[in-house]
Amino acid sequence: MRIAALVGLTLAVASAGAAGDAGLRVQEMYVRSSAKAPPASERRRFDFLVFYADGVAYRGDASLLGAGPAALQLDDESVRKGHLGSYQVLGDEIRISWPANKTEVMRRRGERLSGAAGTRWQRLPKVNALQLQGTYVIAAGTAEPVWINFGSDGTFWDQGVIRHAANLQRLERGVPAPQGGGGTYLLDDYTLTLSYAGGPAARMFFCILPGEKNLTQPKRLVVSTYLFELKQ
């Protein structure tokens with residue numbers, strides 16, 4: 001990955017509408033390495049670093065990536081103020097310009113990045129057109145069961161994923177979000193699209209965490225802002 005010239009943050013924000021129309025594409029995506037996991041009773045939070053193909057950089061959790069990284073709202077003030085920047089790749093270094101004239105230099109070491117104050121980031125595996133297999137259960141405690149079963153033929157069945165994990169009450173054209181059901185799924189650019197039989201589609205952020213040896217049946221994955229674990 002090599003970018004010929006630095007894309008200024010002002011330019012990125014000024015052309016937000018055009019970028020949104022064209023559709024953002026992810027070049028690389030990383031998750032911040034955590035020294036230790038939180039207690040089992042607490043929900044785990046993930047920090048992500050996204051490098052887009054047009055020179056835009058995003059840093060933050062998945063809450064602002066609701067419908068997937070490609071649907072990031074560049075003209076949203078909350079995104080622009082503290083999460084949006086621009087980057088340039090120079091050999092093994094990535095130079096990022098953040099708001100308030102802050103510059104951060106990261107160094108690439110294989111699948112990892114090292115940044116300021118000893119921060120470490122691990123590259124997320126690509127998921128484009130991946131066919132999963134297995135049943136995944138939400139790791140956080142919920143009042144009702146929340147799970148999803150992926151079939152290697154591109155079909156799924158779920159319970160509560162849309163309403164509880166993705167926190168969607170309505171889908172396209174104002175259709176009420178289903179409590180559960182089945183249909184077909186598609187993975188592209190860290191986005192999971194669930195197309196329910198006879199209904200509209202729902203899109204949400206999706207990633208497989210680093211270190212998985214079997215990408216078709218990983219032990220852990222993230223749907224929207226929640227960690228899901230493979231049911232053994």
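Predicted, not measured: the structure shown is a model, and the values here were computed from it. Within each chain, residues carry numbers counting from 1 in the order of the written sequence. Only residues with pLDDT of at least 70 get local features here, since the model is predicted, and only at 80 or more are side-chain atom pairs given and counted; chain-wide, interface and lining totals rely on the full set of residues. In computing side-chain properties, one takes all heavy atoms of the structure into account and sets aside hydrogens as well as water.

Run through the overall build of the chain, naming residues and quoting values.
A run of H or I in DSSP becomes a helix once it reaches four residues, and a run of E becomes a strand once it reaches two; helices and strands are each numbered from the N terminus. When you go through the chain residue by residue, the secondary structure sums to 4 helices and 16 strands. Each residue is assigned to one of three classes by its accessible area relative to the maximum for its type, calculated with a 1.4 Å probe on protein chains only: buried under 20%, partly exposed between the two thresholds, exposed over 50%. In the chain, which comprises 232 residues, the proportion classed as buried is 43%. Here, two residues are considered to be in contact whenever any of their heavy atoms come within 4.5 Å of each other. Partitioning the intrachain contacts of the chain with sequence separation of at least 6 by distance along the chain shows that 52% fall at a separation of at least 24. Methods summary: accessible areas were calculated by the Shrake-Rupley approach with a probe of 1.4 Å, and residue burial reflects only the protein chains presented. When the accessible surface of the chain is summed, it comes to about 11600 Å², and 49% of that surface belongs to carbon and sulfur atoms.

Which residues make up the side chain of Glu-28, and what values do they have?
Looking at where Glu-28 falls in the secondary structure, it is placed in strand S1 (residues 26–32). In the analysis that follows, any N or O atom pair within 3.5 Å is treated as a polar contact, provided that within protein one partner can donate a hydrogen and the other can accept it, and provided that, for residues neighboring in sequence, both atoms belong to side chains. Here the side chain of Glu-28 touches Tyr-30 through a polar contact of 3.1 Å, side chain to side chain.

Before we move on, could you go through the sheet that holds strand S2 (residues 48–52) and cite the residues and values that matter?
On the basis of which strands lie adjacent, the closed barrel formed by 8 strands has the order S1-S2-S3-S4-S5-S6-S7-S8 and antiparallel pairing. Along the sheet, successive strands turn relative to each other by an average axial angle of 30 degrees, direction set aside. The rule for pairing is simple: two strands pair if DSSP sees at least two bridges between them. Alignment of S1 against strand S8 (residues 120–123), held across 3 bridges, turns out to be antiparallel. Within the sheet, the bridge partner assigned to Arg-32 lies in S8 and is Trp-121. For helices, the axis comes from a line fit to the C-alpha atoms of the stretch in contact; other axes are also lines fit to C-alpha atoms, and the angle between any two N-to-C directions lies between 0 and 180 degrees.

Any details on the sheet that holds strand S12 (residues 180–188)? Residues and values, ideally.
Judged by pairing direction, the barrel is antiparallel, and its 8 strands sit side by side in the order S9-S10-S11-S12-S13-S14-S15-S16 before closing back on the first. On average, each strand axis in the sheet is inclined to that of its neighbour by 35 degrees, with strand direction left out of account. When S12 meets strand S13 (residues 191–196), the two strands line up antiparallel, connected through 6 bridges. By the bridge assignment for S13, Gly-183 is matched with Tyr-196.

Lay out the packing of aromatic side chains in plain terms, naming residues and giving numbers.
In summary, the pairing rule links any two rings of Phe, Tyr or Trp, Trp by its six-membered ring, whose centres are within 6.5 Å, and it sorts them by plane angle into stacked for under 30 degrees, edge-to-face for over 60 and tilted for everything else. All told, the structure shown has 7 aromatic pairs when counted by the stated rule. Ring plane angle 75 degrees and centroid distance 6.1 Å describe the contact between Tyr-30 and Phe-51, whose orientation is recorded as edge-to-face. Taken as a pair, Tyr-30 in strand S1 and Phe-51 in strand S2 lie far apart in primary sequence, 21 residues in all. Assessed through its relative accessible area of 0%, Tyr-30 is described here as buried. Judged by centre distance (4.8 Å) and plane angle (55 degrees), the rings of Phe-51 and Tyr-87 are tilted.

Please set out the side chain of Arg-108 residue by residue, giving values where relevant.
Take Arg-108: it is sitting in strand S6 (residues 102–109). In terms of polar contacts, Arg-108 uses its side chain to reach the side chain of Glu-28, at 3.2 Å. Polar contacts involving the side chain of Arg-108 include one to the side chain of Tyr-30, which spans 2.9 Å.

Describe in detail the pattern of salt bridges, supporting the description with residues and values.
When a carboxyl oxygen of Asp or Glu lies within 4 Å of a side-chain nitrogen of Lys or Arg, that pair is called a salt bridge. Per the counting criterion, the structure on display carries 9 salt bridges. The partner of Arg-25 in a salt bridge is Asp-188, and the shortest N-O contact between them spans 3.3 Å. Within this pair, whereas Arg-25 is found in the loop between helix H2 (16–22) and S1, its partner Asp-188 is found in strand S12, the two being separated by 163 residues in sequence. Note on Arg-25: relative accessible area 41%, which makes it partly exposed. Under the relative-accessibility criterion, Asp-188 is labelled partly exposed at 30%. For Asp-61, the salt bridge goes to Arg-45, with nearest N and O atoms at 3.4 Å. One end of the pair, Asp-61, is in the loop between strand S3 (56–60) and helix H3 (77–82); the other, Arg-45, is in the loop between S1 and S2, and 16 residues separate them in sequence.

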